[in-house]
Amino acid sequence: VQLVESGGGLVQPGGSLRLSCAASGFTFSSYFMSWYRQAPGKERELVAVISSGGGSTNYADSVKGRFTISRDNAKKTVYLQMNSLKPEDTAVYYCKAVRGDYEYWGQGTQVTVSS
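The rules we used
- Residues numbered from 1 in each chain as written.
- Predicted model: local features only at pLDDT ≥ 70, side-chain atom pairs only at ≥ 80, totals over all residues.
- Heavy atoms only, no water.
- Helix = DSSP H or I, 4+ residues; strand = E, 2+ residues; numbered from the N terminus.
- Rg over C-alpha atoms; globule rule 2.2 N^0.38 Å.
- Buried < 20%, exposed > 50% of the residue type's maximum accessible area, 1.4 Å probe, protein only.
- Contact = heavy atoms within 4.5 Å.
- Areas by Shrake-Rupley, 256 points an atom, 1.4 Å probe, with all protein chains shown as cover.
- Lys, Arg positive; Asp, Glu negative; His and termini not counted.
- Charge placed at Lys NZ, Arg CZ, Asp CG, Glu CD.
- Disulfide = S-S within 2.5 Å.
- Salt bridge = Lys/Arg side-chain N within 4 Å of Asp/Glu carboxyl O.
- Phe/Tyr/Trp six-rings, centres within 6.5 Å; stacked < 30°, edge-to-face > 60°.
- Lys NZ or Arg CZ within 6 Å of the ring centre and 35° of its normal.
- Core = buried A, V, L, I, M, F, W, Y, C linked by side-chain atoms within 4.5 Å.

**Here's the deal with the overall build of the protein**
Line of reasoning, step 1. Scanning the protein from N- to C-terminus turns up 0 helices and 11 strands.
Line of reasoning, step 2. In the protein, the succession of helices and strands from N to C terminus is β-β-β-β-β-β-β-β-β-β-β.
Line of reasoning, step 3. Rg of the C-alpha trace for the protein: 13 Å, near the compact-globule value of 13 Å for 115 residues, within the 12% margin.
Line of reasoning, step 4. Judged by the C-alpha coordinates and their principal axes, the protein covers about 40 × 25 × 25 Å.
Line of reasoning, step 5. Across the 115 residues of the protein, 41% fall into the buried class.
Line of reasoning, step 6. Long-range pairs, those at least 24 residues apart, make up 52% of the contacts in the protein between residues at least 6 apart in sequence.
Line of reasoning, step 7. Element-wise, carbon and sulfur atoms account for 44% of the exposed surface of the protein, whose accessible area totals about 6,000 Å².
Line of reasoning, step 8. Each charge sign in the protein was given a centre, from 12 positive and 9 negative side chains, and these centres are 6 Å apart.

The following block contains the structure:
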C-alpha cells in the first residue's frame, strides 16, 4: 500500500497550488479519501474529505470556498486545489485513505505560504 503526495511548495499569499495523492496497493475506488494538514506546534487537522464515488465532499470551515477536493478513480488519485492561499495555510499536507477499519496515510508534502 502506498500513498504519495506531490505538488507542495512555496507560494505567495493569494496564490494557488494543486496537491495530488497517487494511490497504489489497495482498491482506491472503495475508500473515502481525505486531506489533513499539520502546522508546526499544532495538531493534525482535517482539511477536506471526499466519498469513494466522489459525490460527497466536506471541508473545514477555515478552507471552505478556497479549497476543492476531487478524485479520479481511474487514475487512483485524489487532488486538493488550493486557491487564495494564506500564511496560516502553511503546513505539511497529508492524504489519508479510509474504509472501515482500514486506514492508510501518505508521507506528506510541505506547503509554505509566504511573501
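**So, the state of the cysteines**
Line of reasoning, step 1. Under the counting rule described, the total for this entry stands at 1 disulfide.
Line of reasoning, step 2. Here Cys21 engages in a disulfide with Cys95; their sulfurs sit 1.9 Å apart. Of note, the bridge from Cys21 to Cys95 carries an S-S torsion of about 50° and is right-handed in sense. Here Cys95 lies in strand β9 (residues 91-99) and Cys21 lies in strand β3 (residues 17-24), a separation of 74 residues in the sequence. Taken as a pair, Cys21 and Cys95 share a single burial class, namely buried.

**Let's talk about the pattern of salt bridges**
Line of reasoning, step 1. This structure, assessed with the given rule, holds 5 salt bridges.
Line of reasoning, step 2. For Arg37, the salt bridge goes to Glu45, with nearest N and O atoms at 2.6 Å.
Line of reasoning, step 3. Judged by its relative accessible area of 6%, Arg37 is buried.
Line of reasoning, step 4. With relative accessibility at 34%, the residue Glu45 sits in the partly exposed group.
Line of reasoning, step 5. Of the charged contacts in the structure, one is a salt bridge between Asp89 and Arg66, with a shortest N-O distance of 2.7 Å. Of this pair, Asp89 sits in the loop between β8 (77-82) and β9 while Arg66 is found in the loop between β6 (57-59) and β7 (67-72), placing the two residues 23 residues apart along the sequence.
Line of reasoning, step 6. Overall, Asp89 belongs to the buried group, its relative accessible area being 1%.
Line of reasoning, step 7. Connected through shared salt-bridge partners, Arg37, Glu45, Arg66 and Asp89 make up one network.

**Considerations on unusual backbone geometry**
Peptide bonds are trans in most cases, and residues, glycine excluded, mostly fall at negative phi.
Line of reasoning, step 1. Notably, Lys76 is not glycine yet its phi reads approximately 55°, a positive angle.
Line of reasoning, step 2. Phi is positive for Ser84, close to 50°, though the residue is something other than glycine.
Line of reasoning, step 3. Mapped onto the secondary structure, Ser84 falls in the loop between β8 and β9.

**Considering the packing of aromatic side chains**
Line of reasoning, step 1. Using the criterion set out here, one finds 6 aromatic pairs in the structure.
Line of reasoning, step 2. An aromatic cluster is present here, built from Phe26, Phe28, Tyr31 and Tyr104 joined pairwise through their rings.
Line of reasoning, step 3. Positioned over the ring face of Tyr94 is Arg44, at 3.7 Å from the centre of the ring.
Line of reasoning, step 4. The side chain of Arg44 reaches across the aromatic face of Trp105, ending 4.7 Å from its centre.

**Structural notes on the nonpolar core**
Line of reasoning, step 1. One finds Met33, Trp35, Val78, Leu80, Met82 and Tyr93 to be the most contacted residues of the largest nonpolar core, which totals 30 residues.
Line of reasoning, step 2. Those elements that provide at least two residues to this core are β3, β4 (32-38), β5 (45-50), β7, β8, β9 and β11 (109-113).
Line of reasoning, step 3. Leaving out residues up to four positions away in the same chain, Val78 has contacts with Leu19, Ser20, Cys21, Phe28, Met33, Trp35, Ile50, Ile69, Ser70, Arg71 and Cys95.

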